[in-house]
Amino acid sequence: MSTGAALKDYAPPPIDEGNPPGSFGLLMAEMRPAPGRLRNTLLLLAQVFIAITIGETFRIPMLSILIIISFFLSGNDGASNTSTALMAGMTILAGTALTIIFLMLSLSEPGLRLPCMLLLTLCAGFMSQAATLGPLFNILFFWIVYMAMNADLLEAIGYSVDGFVGNTTDSVVPDAVFMPPEESMLHLLLWIGFVFLIGVTLLVVTNRLAGHDPLVVLRNGLVARLNAIADLCDRRSGSAEDARPLYRYAEEGVAELRRAHDLASKLHPELSRRRAGIAMIRTMARLVLIMVFLQPLQGGEDTEFMRAAGRMARLCARTLQNRRGELAELEAEETDLPALTERFRADPMRFPLAQELARGLAVVRALILVPDAEKHGFAPEIVVAVRSYLKPDAFRNPAYARAAMRIALSVTICYAITRATSWPGIQTCVVTCFLVSLETVGDTVHKMLLRIVGALIGAAFGIGTILLLMPYMTNLTDLLLAVMPVTLLAGWIKSGSDRISYAGVQIALAYFMTVLQGYGPTLDMETGRDRVIGILIGNIVVYLVAVTFWPVSVTAVARRQLVNATRILGTLAAYRRTEPDAIVETAQEIEREKFGKAIAAVRNAIVNAPLEIFGFTPSTGARRIDARMVTAIQLLAVPIAILSDIRVPVDNAVQKHADQLKGWFDTFASWIDDGRNGGNLVETLPPPPALPDDPQREIWFAVLDQRLRRILEDLVPGDEPETARPAIDVRPVQA
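Residues numbered from 1 in each chain as written. Predicted model: local features only at pLDDT ≥ 70, side-chain atom pairs only at ≥ 80, totals over all residues. Heavy atoms only, no water.

Quick word on the overall build of the protein chain
Along the backbone of the protein chain there are 32 helices and 4 strands. A separation of at least 24 residues holds for 80% of the contacts in the protein chain among residues at least 6 apart in sequence. By element, 61% of the accessible surface of the protein chain is carried by carbon and sulfur atoms, the whole surface being about 32700 Å². (Helix = DSSP H or I, 4+ residues; strand = E, 2+ residues; numbered from the N terminus. Contact = heavy atoms within 4.5 Å. Areas by Shrake-Rupley, 256 points an atom, 1.4 Å probe, with all protein chains shown as cover.)

Some details on the pattern of salt bridges
One pass over the structure, following the stated rule, counts 22 salt bridges. Here Arg258 ties to Asp262 by a salt bridge, and the two come within 3.4 Å at their closest N and O atoms. Placement of the pair is Arg258 and Asp262 together in helix α12 (residues 255–267), with a separation of 4 residues, close to one helical turn. You can call Arg258 partly exposed: its relative accessible area is 23%. When its relative accessible area of 38% is taken as the criterion, Asp262 is described as partly exposed. Here Lys594 ties to Glu591 by a salt bridge, and the two come within 3.6 Å at their closest N and O atoms. Placement of the pair is Lys594 and Glu591 together in helix α27 (residues 586–606), with a separation of 3 residues, close to one helical turn. (Salt bridge = Lys/Arg side-chain N within 4 Å of Asp/Glu carboxyl O. Buried < 20%, exposed > 50% of the residue type's maximum accessible area, 1.4 Å probe, protein only.)

Comments concerning the packing of helix α10 (residues 214–235) against helix α14 (residues 276–294)
The N-to-C vectors of α10 and α14 enclose an angle of 25°; their axes lie 11 Å apart at closest approach. On the basis of their axis angle, the class for α10 and α14 is roughly parallel. Two packed elements cross with a definite hand, and for α10 against α14 that hand is left-handed. Across the interface between the two elements, Leu218, Leu222, Arg225, Leu226, Ile229, Leu232 and Cys233 from α10 touch Met280, Ile281, Met284, Leu287, Val288 and Met291 from α14. Among the residues making up the contact of α10 with α14, the classes are represented as 12 nonpolar, no polar and 1 charged. (Axes fitted to C-alpha atoms, helices over the stretch in contact; angles between N-to-C directions. Parallel < 35°, antiparallel > 145°, perpendicular 65-115°, else oblique. Left-handed = near helix turned anticlockwise from the far one by under 90°. Nonpolar A, V, L, I, M, F, W, Y, C, P; charged D, E, K, R; others polar.)

Thoughts on a nonpolar patch on the surface
The grouping of Met405, Leu409, Ile413, Phe549 and Trp550 at the surface amounts to a nonpolar patch, some 400 Å² of accessible area in total. Note on placement: Ile413 falls in helix α20 (residues 398–421). Exposure remark for Ile413: the relative accessible area of 33% places this residue in the partly exposed category. (Patch = residues over 30% accessible without salt bridge, like charges linked within 9 Å, V, L, I, M, F, W, Y side chains within 5 Å.)

Looking at the nonpolar core
Leu226, Met291, Phe305, Leu357, Leu361, Phe668 and Trp700 are the most contacted members of the largest nonpolar core, which totals 100 residues. Counting residues per element, this core draws most heavily on α14, at 13 residues. If near-sequence neighbours (up to four positions away) are discounted, Leu357 is found in contact with Leu287, Ile290, Met291, Leu294, Phe305 and Ala309. Grouped together as the second largest cluster of nonpolar side chains are 88 residues, Ile192, Leu202, Leu480 and Ala546 included. (Core = buried A, V, L, I, M, F, W, Y, C linked by side-chain atoms within 4.5 Å.)

Looking at the side chain of Glu326
Along the polypeptide, Glu326 turns up in helix α16 (residues 323–332). Among residues more than four places away in sequence, those in contact with Glu326 are Leu315, Arg318 and Thr319.

Description of unusual backbone geometry
One non-glycine residue with positive phi stands out, namely Ser422, at about 50°. With respect to the secondary-structure elements, Ser422 resides in the loop between α20 and α21 (428–436). Note on Ser422: relative accessible area 60%, which makes it exposed. At Trp550, a residue that is not glycine, the phi angle is positive and equals roughly 50°. Position of Trp550 among the secondary structure elements: in the loop between α25 (526–548) and α26 (554–573). Note on Trp550: relative accessible area 36%, which makes it partly exposed.

Put into structure tokens, the structure is as follows:
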């Protein structure tokens, strides 16, 4: 079969962007049930019930803090919940101790305290961006600054922690009545530290007893991909509709599976020792992309092979779900998939794909039967990087210093507003500055929206509870029943994806700060009102500062990651295996994993770009790289991987063409970065070589060339100027 004939009917697989139409459709998609979501929601409800019961029984002041800790520090699995709770708890305790020391030195010296607070705010902004543990440093410095702010309101501080002299709500007495304000503040700081310790202990214990195991997430992700492969093998229709689930998995990549594996390793140390999980995740990523390419090429003559492959994939999925019941059947399965691929040897396009599919399924089967990667000889070496608390460019990248100045300016403005108005209830505007000031404008606006929407919903429910239900409450059971619906709603949202989870935290925060005041029923609705007003003020200030001083668009981050991904493609194209017959080569796998992470970073970066309403509109003549184009660049990894893994010795002509492709990919990356040499991309793309003795590489070089030229046709039309670099376009694209 000639190259031209083979390519004549070949078309790239259609891409399903998976974007439900309209904002309401997106919201409904985010609210759909997911594995483990109900469990996490019920676990949060249990923590709330336990915290309220303990707090009301023992009359713990600031009871709402216990509940806020559960929502703020909870993730979607037991491992991350435990580690996050311990690290955040230690950070808050350290911050409380440092605050006490700081106030001992500066409490009576406002001229010293205020500049030091500004310096700490700058440190918070800088370390949140430049440190590898940025969020923890941000919490640490924020806590010191926020608690030190209260030193300007010493009279009000004394009324923060209540004592009681009887058994009724009317007998509550603020501690400022019987101790000086300075001692009241020390009392407040020590008590908050103790309450945080109780909350963190509650969170750790409940998650160790009933937390969602991330190993379940990892197993479900692998099983879902194997079943999608099996479904496509069984149907053999070649229709795009049948392949949609697999296309979505191809776009998602395996970053979430790798994250679940790393978290599961904390609960199951044998995963790190055996490394079977990492090997299976990498193999699964290859299998999904191989099937995306193989699906449009299926024909009647490959029925036996596809049925056998589908049966193997289905059996592997069942064994992962029920190892004890299905392991014997998997061991007894003796279908020789590599032998069945021989019928494709005359087809240089499908033969490498069939070989890769057979090899990948064989690897998955071997890992399930003996889950120890080293025994199979295909486990990449694990290189432990030197731990650094700062990013490599911490003191060279001006973006970190600019971020620090933006946060400091926002905090200063909000602090001045609270002091000028003498309205301590709106101090949430200062908290907002620390929590929503992120690297880019799009990410900042996204978190601002979640914060204000969550606060509005929580405050509304809280005021509604006070007006409609509080007059009829007589005991603890009534209170627990009243808060249950809102807790379930907030917990369900909190247990969702990162797109909406922060709104669940804010719903719980605003609701319980409004409802849980003192040790009994309350009619005070000012707390909810003041909190919402403070958040509104903080959001406005942060947004104006973010778009005025050194604004950073999410598309700049996406562009940087896309340039990195394109250069890695060039490296992979020119890569020459030192052991052609080895199943896995460590250096090559490392580069492939870097490419997958870079593409995932591009997708994560552009998701909030539609929120950047002002200031980032690309010029009219700029070329656009949309979500479909990102997927097209992602799928270039498949022909490049096939070319590298073909078991035919590489001659000089092949290596020369591969080196030329690497140089071209570098030029392509430079054009994406700054617009250089865009007009010559089409002319300088090296044509695929004629390789009569290596027909497989000949046709796959042609496939790669075809895909590259199709990308260039969209990005570099002949009637546009040659100087503009491509714009990152994030408008939803429907398949």
